[in-house]
Amino acid sequence: MNVITEKLKEVLFAVVPVYLIVVVLSLTVTTMHVDNLITFTIGSVLVVLGLAFFLFGVDLGITPVGHLMGSTIAKSNKMKILIVSGLVLGFLTTIAEPSVYVLANQVSIITNGSIAQFSLIIVISIGIAVMLTVGLFRIVYNIPLYKLLIFLYGIILLLSIFVSNGFLAIAFDASGATTGALAVPFILALSVGISTLKKDGKSSEKDSFGLVAVASTGAIMSIMLMSIFKQDILAPGSMAVDLDAYPYILYPFIIQIPLMLKEVLIALSPILVLFLVLHLKIFRLDNKAFLKILKGFIYAFIGLTLFLIGVNAGFMKISTILGYQMALTGNYPLLVIIGFVLGMVTILAEPAVHVLTHQIEDVTAGYVRSKLVHYTLSLSIGLALALSVIRILVPGVQLWHYLLPGYLISLVLTFISPKLFVGIAFDAGGVATGPLTATFILAFMQGIANAKDGADVLVDGFGMISMVALMPIITLQLLGIVYKVKSKKRGV
C-alpha cells in the first residue's frame, strides 16, 4: 500500500495545478455555472485516483508482460515470428487505445460523420501495426534510428504535399493519440525486452528507445494515404458548445460508467489473453509471478476506468466551455498565456509521461534524471500550446508553418544530439500526447476555435496534438547536446 500512497501523492501534485487554474479562471474570467465546477471537482478526484491505480498496475502487470514478450521475440531469432508479433501487437494495442477512440469520435462529430469513427480507428491501427514491425526490425538488425526516422519523415513530408489542411491536422494528431496510456508502457517494455538481449551494451541502451517514434509515423502515413486514395475534400467542421449545467451533478458520471467499463475491457483484454496463452505455452511463470501480473492488470483496469470517467464526464465539457468563453472576452494575450500554463501543468498529469521518464532513468542508470526530463517536457508542451492558440487566433497562420520547419530542425538535430537522446526525444513526442491532452486540451482548443470568427473547427480545432508531439523532439535533443557538452568538459 505504500507504493499506491506514493503514486497518489505524485499524481495529486500533478493534477491540483490544472484544477486550480480552471477554478480561478471560471470564477474570474468566465461565467461558468457553479454546478459545472462541482462536476469538474468530482472529475478531478476520479482522475487522481484513476492515475494512481493505473500507474501502479502498469508497474505491476503491463510492463513485465511487455518485457517477457520482447525477450521471447528476440530469443526466437526468426523473421516470421518478428513480423507476426509486430503486426498483431501493433494492431491490438492501437485498436484498444482509449485516446484513439476519443480522437476518432471528435473527428466523426466535427465532420458530421463523413469520416466514420470505426474506419478511422482501423486505418490508424493498420498503420501502427506495420510501422511497429519496422521498428522491431530496426532493433534486431541494428539499423540506426536517426537514418530510419529521416527516411520515414521524408516520406511524410512528400505525402503532405497532396493532403488537404483538414486531413493534415488529423493525421499528425493521430500519431500522438495512438501513443497513450495503454500503448506506451507496453511498447516501451517491448522495446527494452528485445534490446536488452543484444550483446553490445551501448547499442542496447540506445535501442531501448525509438520504437514508439517509429510506430507513431504509421498513423500519419496511413491517414495521409487514406486522404489521397479517397480524394475527399472535407467541408468546414462545426461543433456545438453546451453552456448549460447537467440535469444533476452525478448524471455525466453515471452514464459514463458502462461505456468506460466496456472501452477499458476492450483495451486490456487482448493483451491479457495473449499473455495467458503465452504463459501456458512459453513463459510458464511460477504462481507468485503469475498472480502478481494478474493483480497488476486488475489495478490497471480499475485505474484506467476511473481516469476515463473523470476525463470524459468532468473534464471535456468544462474545458470546451472554458476555451469558448475566454475567446469571447477578446483578451487574446491572456489566452496565449493560459495556453502556455495549461500545457506546462497538464503534461505532469499524463500517465505515459511518468512511465517514460522513469524508464529513461532506469535504462541510463540514473545518468538522465526523470525530473529533468519532466521539467523539459513541461516547458516544451507549454510552448506548443501557446503556439497552437496563436495559430487559431491569427488569420493566415497554418499548421504546416509550424510543422515543416519544426521537423526539419528536429531531423537536423539527429546528427548532432547523442543517439540515446534521439530515441528518447522522438519517443517523448508521442508520449506527451496522452489521454489528458487528447481530451482536456483538445476540447479547450476546439472551444476557442468555435468562438473565433472565421475559424474552421476541423482545421483549427485539430493540429494541437501534433504540436505537442513536435516540441519535445526538439527540446530533448537540445538537452542531449547540453549533456554531451558537459560530458566532454568532465572528460567522460
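Parameters at a glance
- Counting restarts for each chain: residues are numbered from 1 in the order of the written sequence.
- In keeping with the predicted nature of the model, local features appear solely for residues at pLDDT of at least 70, side-chain atom pairs appear and are counted solely at 80 or more, and the whole-chain, interface and lining totals rest on all residues.
- Think of the side-chain values as coming from all heavy atoms in the structure, minus any hydrogens and water.
- Secondary structure elements follow DSSP: runs of H or I no shorter than four residues count as helices, runs of E no shorter than two count as strands, and numbering proceeds from the N terminus.
- For the exposure calls, accessible area comes from a 1.4 Å probe over protein chains only, and a residue counts as buried if that area is under 20% of its type's maximum, exposed if over 50%, partly exposed in between.
- Residue contacts are counted whenever heavy atoms from the two residues lie within 4.5 Å of one another.
- Note on areas: Shrake-Rupley with a 1.4 Å probe; residue coverage comes only from the protein chains shown.
- Lining residues are those with an atom within 4 Å of a point, where the points come from a 1 Å grid over the protein atoms alone and group into cavities, where a 1.4 Å probe fits but cannot get out, or pockets, open sets with protein on both sides within 12 Å along at least five of seven lines.
- Grid points are joined across faces, edges and corners, and a volume is the space filled by probe spheres set on the points.
- Each residue receives one of three labels: charged for Asp, Glu, Lys and Arg, nonpolar for Ala, Val, Leu, Ile, Met, Phe, Trp, Tyr, Cys and Pro, and polar for the others, Gly being one of them.
- Working definition: a ring pair exists when centres of Phe, Tyr or Trp rings (six-membered ring for Trp) sit within 6.5 Å. Plane angles under 30 degrees give stacked, over 60 give edge-to-face, the rest tilted.
- In our convention, an over-ring charge means Lys NZ or Arg CZ found within 6 Å of a ring centre and within 35 degrees of that ring's normal.
- An axis is simply a line fitted to the C-alpha atoms; with a helix, the fit covers only the stretch in contact. Between two such axes, the angle follows the N-to-C directions and lies from 0 to 180 degrees.
- Should an angle lie under 35 degrees it is considered roughly parallel, over 145 roughly antiparallel, and from 65 to 115 roughly perpendicular; all remaining angles are considered oblique.
- Side-chain atoms within 4.5 Å link the members of a nonpolar core, which is a set of buried Ala, Val, Leu, Ile, Met, Phe, Trp, Tyr and Cys residues.
- N or O atoms closer than or at 3.5 Å make up a polar contact, with two conditions inside protein: a donor-capable atom paired with an acceptor-capable one, and, for residues adjacent in sequence, both atoms drawn from side chains.
- The span one expects for a helix is its residue count, reduced by one, times 1.5 Å.
- Arc definition: directions from the helix axis to the C-beta atoms.
- One axis is fitted to the seven residues ending at the residue and one to the seven starting there. The bend at that residue is the angle between these axes.
- Confidence of the predictor at the level of single residues is given by pLDDT, which spans 0 to 100.
- Each patch groups residues whose relative accessible area exceeds 30% and which form no salt bridge, using 9 Å between like charges and 5 Å between nonpolar side chains of Val, Leu, Ile, Met, Phe, Trp and Tyr.
- One side-chain nitrogen of Lys or Arg within 4 Å of one carboxyl oxygen of Asp or Glu is enough to make a salt bridge.
- For any pair of crossing helices, the crossing counts as left-handed if the nearer helix is rotated counterclockwise from the farther one by less than a right angle, and right-handed if it is rotated clockwise.

Draft legend 1. Quick look at the overall build of the protein. Across its full length, the protein holds 20 helices and 0 strands. Every one of the 492 residues in the protein was classed for burial, and the buried ones make up 59%. When contacts within the protein are restricted to residue pairs at least 6 apart in sequence, those whose partners lie at least 24 apart make up 87%. Carbon and sulfur atoms make up 69% of the accessible area of the protein, which totals about 19100 Å².

Draft legend 2. Geometry of empty space enclosed by the protein. All told, the structure shown has 2 cavities of 30 Å³ or more when counted by the stated rule. The space that makes up the largest cavity amounts to roughly 80 Å³. Around the largest cavity, the lining residues are Tyr-153, Ser-175, Ala-213, Ser-216, Thr-217, Ile-220, Tyr-407, Phe-426, Gly-429, Gly-430, Ala-469 and Ile-473. At the level of elements, helix H10 (211–230), helix H17 (419–431) and helix H20 (464–490) are the ones that each hand at least two residues to the lining of the largest cavity. In terms of residue count, H10 provides more of the lining of the largest cavity than any other element does, 4 residues in total. Quantified by volume, the second largest cavity comes out at close to 50 Å³. If you go around the second largest cavity, the residues you meet are Asn-165, Leu-168, Ala-169, Arg-391, Gln-398, Leu-399 and Val-459. The leading source of residues in the lining of the second largest cavity is helix H7 (residues 165–177), at 3 residues. Here the residues of the lining of the second largest cavity sort into 4 nonpolar, 2 polar and 1 charged.

Draft legend 3. Highlighting unusual backbone geometry. With phi around 50°, Arg-284 is a residue other than glycine that occupies positive phi space. Turning to its location among the elements, Arg-284 is positioned in the loop between helix H11 (251–283) and helix H12 (287–329). With relative accessibility at 59%, the residue Arg-284 sits in the exposed group.

Draft legend 4. Quick look at the packing of aromatic side chains. Overall, the coordinates contain 9 aromatic pairs when judged by the stated rule. With a centroid separation of 5.7 Å and an interplanar angle of 5°, the aromatic rings of Tyr-19 and Phe-40 are classed as stacked. Separated by 21 residues along the polypeptide, Tyr-19 in helix H1 (residues 2–28) and Phe-40 in helix H2 (residues 34–76) bring together distant segments of the chain. Judged by its relative accessible area of 24%, Tyr-19 is partly exposed. These aromatic residues form a ring-pair network of at least three members: Tyr-153, Phe-172, Tyr-407 and Phe-426. One Lys or Arg, Lys-419, reaches over the ring of Tyr-146 and ends 4.7 Å from the middle of that ring.

Draft legend 5. The packing of H1 against helix H13 (residues 332–346), seen in detail. Two elements in contact, H1 and H13, have axes separated by 8 Å at closest approach and are oriented at 155°. As summarised for this structure, H1 and H13 are arranged roughly antiparallel, according to the angle between their axes. Across from Ala-14, Pro-17, Val-18, Ile-21 and Leu-25 in H1, the residues of H13 making contact are Ile-338, Val-341, Leu-342, Val-345 and Thr-346. Each residue belonging to the contact of H1 with H13 can be placed in one class, and the counts come to 9 nonpolar, 1 polar and no charged.

Draft legend 6. Structural detail: the nonpolar core. Within the largest apolar cluster, 153 residues are counted, with the highest numbers of intra-cluster contacts made by Met-69, Ile-223, Met-224 and Ile-448. Contact partners of Met-224, with chain neighbours within four places excluded, come to Ile-156, Leu-159, Ser-160, Val-163, Leu-168, Ala-171 and Phe-172.

Draft legend 7. Here's a closer look at the side chain of Ser-222. Within the secondary structure layout, Ser-222 lies in helix H10. There is a polar contact of 3.0 Å between the side chain of Ser-222 and the backbone oxygen of Ala-219. With residues up to four places along the chain from it excluded, the contact list for Ser-222 reads Val-123, Ile-124 and Gly-127.

Draft legend 8. Structural detail: helix H16 (residues 399–413). For H16, which comprises 15 residues, the first-to-last C-alpha distance of 21 Å matches the rise-based estimate of 21 Å (1.5 Å per residue) to within 8%. For H16, the set of buried residues is Leu-399, Tyr-402, Leu-403, Gly-406, Tyr-407, Ser-410, Leu-411 and Leu-413. What you see down the axis of H16 is that its buried residues fit within an arc of 150°, all on one side.

Draft legend 9. Geometry of the environment of His-354. Here His-354 lies in helix H14 (residues 351–363). His-354 gets classed as buried once you look at its relative accessible area, which sits at 7%. Taking C-alpha positions, His-354 is 9.6 Å from Glu-10, a pair spaced 344 residues apart along the chain. With residues up to four places along the chain from it excluded, the contact list for His-354 reads Glu-10, Leu-55, Leu-348 and His-374.

Draft legend 10. Broad picture of H12. Between its first and last C-alpha atoms H12 spans 61 Å; for 43 residues at 1.5 Å apiece the expected length is 63 Å, and the two agree. Its axis deflected by about 40° at Phe-315, H12 carries its strongest bend there. Gly-330, located one to two residues past H12, shows a positive phi value of around 80°.

Draft legend 11. Inspection of the confidence of the model for the protein at higher detail. On average, the protein scores 80 in pLDDT, and the residues at 70 or more come to 88%. Taking the mean pLDDT of every element in the protein, the minimum, 53, falls on helix H9 (residues 201–207) and the maximum, 89, on H16.

Draft legend 12. Representation of a nonpolar patch on the surface within the structure. Together, Met-79, Ile-83, Leu-87, Ile-126, Val-130, Val-140, Tyr-141 and Ile-143 make up an exposed nonpolar region whose accessible area comes to about 640 Å². Broken down by secondary-structure element, the contributors of at least two residues to the nonpolar patch are helix H3 (79–95) and helix H5 (117–140). Within the secondary structure, Leu-87 is located in helix H3.

Draft legend 13. Broad picture of the side chain of Ser-319. If you trace the backbone, Ser-319 turns up in helix H12. At 3.1 Å, the side chain of Ser-319 and the backbone nitrogen of Phe-444 are in polar contact. Apart from residues lying up to four places away in sequence, Ser-319 is in contact with Phe-440, Ala-443 and Phe-444.

Draft legend 14. Looking closely at the packing of helix H6 (residues 145–160) against H16. At a minimum axis separation of 11 Å, H6 and H16 run at an interaxial angle of 165°. Classified by the angle their axes make, H6 and H16 are roughly antiparallel. With respect to the hand of their crossing, H6 and H16 are arranged in left-handed fashion. Residue-level inspection shows Leu-149, Ile-150, Tyr-153 and Leu-157 of H6 in contact with H16, the latter providing Leu-404, Tyr-407, Leu-408 and Leu-411. Taken together, the residues of the contact of H6 with H16 break down into 8 nonpolar, no polar and no charged.

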